[in-house]
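# Per-entry structural report
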Amino acid sequence: MTTITDLFCAARKFVATVLIISAASVCAQAQFSSGSTGADGDFNPTASQTIIVPDSGVFNFKTVNIPIGVIITFLRNAKNTPLVILATGDVTIAGTISVAGRDGGNGNGGFGGPGGFSGGTGASGFDIFNGQPGDGPGGGGGGVANTDTSQTGSGGGGGGHASVGDSSASGNFVASGGQRYGTSTLQPLIGGSGGGG
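For clarity, every value in this text was computed on a predicted model and none was experimentally measured. (Residues numbered from 1 in each chain as written. Predicted model: local features only at pLDDT ≥ 70, side-chain atom pairs only at ≥ 80, totals over all residues. Heavy atoms only, no water.)

The next thing to look at is the overall build of the protein. Summing up its helical and strand segments, the protein has 1 helix and 9 strands in all. Listed by position from the N terminus, the elements making up the protein come as α-β-β-β-β-β-β-β-β-β. Counting every position in the protein, which comprises 197 residues, the buried fraction comes to 30%. Of all intrachain contacts in the protein linking residues separated by at least 6 positions in sequence, the fraction that spans at least 24 positions is 50%. Of the roughly 12000 Å² of accessible surface on the protein, a fraction of 57% belongs to carbon and sulfur atoms. (Helix = DSSP H or I, 4+ residues; strand = E, 2+ residues; numbered from the N terminus. Buried < 20%, exposed > 50% of the residue type's maximum accessible area, 1.4 Å probe, protein only. Contact = heavy atoms within 4.5 Å. Areas by Shrake-Rupley, 256 points an atom, 1.4 Å probe, with all protein chains shown as cover.)

Before going further, it helps to examine the environment of Q132. Its location among the elements puts Q132 in the loop between strand 7 (96-98) and strand 8 (168-170). With relative accessibility at 44%, the residue Q132 sits in the partly exposed group. Expressed as a C-alpha distance, the spacing of Q132 and N108, which sit 24 residues apart in the sequence, is 9.7 Å.

Checked against the element boundaries, N77 lands in the loop between strand 4 (71-75) and strand 5 (84-87). Classification of N77 by relative accessible area gives buried; the value is 7%. At a separation of 3.2 Å, a polar atom in the side chain of N77 contacts the main-chain carbonyl oxygen of V53. In terms of polar contacts, N77 uses its side chain to reach the backbone amide nitrogen of N80, at 2.6 Å. When sequence neighbours within four positions are dropped, the list of residues in contact with N77 reads I52, V53, P54 and D55. (Polar contact = N/O pair within 3.5 Å; in protein donor to acceptor, adjacent residues only side chain to side chain.)

What follows concerns the packing of aromatic side chains. Tallied over the entire structure, the rule returns 3 aromatic pairs. Ring centres 4.9 Å apart and planes at 15° place the aromatic pair F43 and F61 in the stacked group. With F43 in the loop between helix 1 (4-30) and strand 1 (49-52) and F61 in strand 2 (residues 58-61), this residue pair connects regions lying 18 residues apart in the sequence. Exposure class is identical for F43 and F61. Each is buried. (Phe/Tyr/Trp six-rings, centres within 6.5 Å; stacked < 30°, edge-to-face > 60°.)

Glancing now at the environment of G143. Structurally, G143 can be placed in the loop between strand 7 and strand 8. C-alpha separation for the pair G143 and G131, spaced 12 residues apart in sequence, amounts to 4.7 Å.

This next bit is on the confidence of the model for the protein. Averaged over all residues, the pLDDT of the protein is 73; the fraction at 70 or higher stands at 56%. Ignoring residues within four places in sequence, the model shows residues 1-28, a span with pLDDT below 50, making 2 contacts including any to other chains. (pLDDT = per-residue confidence, 0-100.)

This part covers the nonpolar core. Core analysis: the largest hydrophobic core is formed by 12 residues, namely F43, I51, V53, F59, F61, V64, I66, V70, I72, F74, L83 and A87. Those elements that provide at least two residues to this core are strand 2, strand 3 (64-66) and strand 4. Not counting residues up to four positions away in its chain, the partners in contact with I72 are F43, P45, A47, Q49, I51, I66, T96, I97 and S98. (Core = buried A, V, L, I, M, F, W, Y, C linked by side-chain atoms within 4.5 Å.)

Quick look at the sheet that holds strand 4 now. Within a sheet, adjacent strands bond to each other through the backbone by hydrogen bonds, running parallel or antiparallel. If you walk across this open sheet you meet the 3 strands as 1-4-7, and the pairing is parallel. Among the strands making up the open sheet, the edge pair consists of strand 1 and strand 7. Direction aside, the axes of adjacent strands within the sheet are offset by 20° on average. In this sheet, strand 4 lies alongside strand 1 in parallel orientation, the contact comprising 4 bridges. Its bridge partner being in strand 4, I52 is matched across the sheet by L75. (Pairing = 2+ DSSP bridges. Axes fitted to C-alpha atoms, helices over the stretch in contact; angles between N-to-C directions.)

Right, let's talk about a nonpolar patch on the surface for a bit. The grouping of I85, V91, I93, I97 and V99 at the surface amounts to a nonpolar patch, some 370 Å² of accessible area in total. When you line up the elements, I97 lands in strand 7. (Patch = residues over 30% accessible without salt bridge, like charges linked within 9 Å, V, L, I, M, F, W, Y side chains within 5 Å. Salt bridge = Lys/Arg side-chain N within 4 Å of Asp/Glu carboxyl O.)

Here S98 shows up in strand 7. Only 3.4 Å separates the side chain of S98 from the backbone nitrogen of A100, close enough to count as a polar contact.

Encoded structure:
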């Protein structure tokens, strides 16, 4: 015959078991491995700097600490691989990490940041040639030229990525924004597309 004491003891054992399983679950969830080998040591810059991304695109740090006021600018490498920063320990970014592309110049589109795509070449002034679309799967449409000297054509459309790029319009001329591709979580890692010239 089961007594109240037996039920109370069984209930205590059940609660104790649930607490142990819950504690184990919390400990298991706190574990995370980025896959870093730690081969690049600690990254603790004290001044702003520019770094070319290695050919592999991957940094294997132990810890990362970028303090307030420090800007770390990563430039694309010859292979244009995306930048991946891994760490075995703490990562603190109070400063800035920049992977921005470069502005285009006269007669050429700007280079994209690491893993990103370049912008299209623009037309010059009142030209009969349209601007070129940006590179990449979501490249922005090229600007539309206008031979009427009383008005200019449109600028290029913005490059797309996790959302559609902005369109550019001037009068009756419209350059479409680039299409959406990739995901907002950036996995898989694909760089942003270039805007149209």
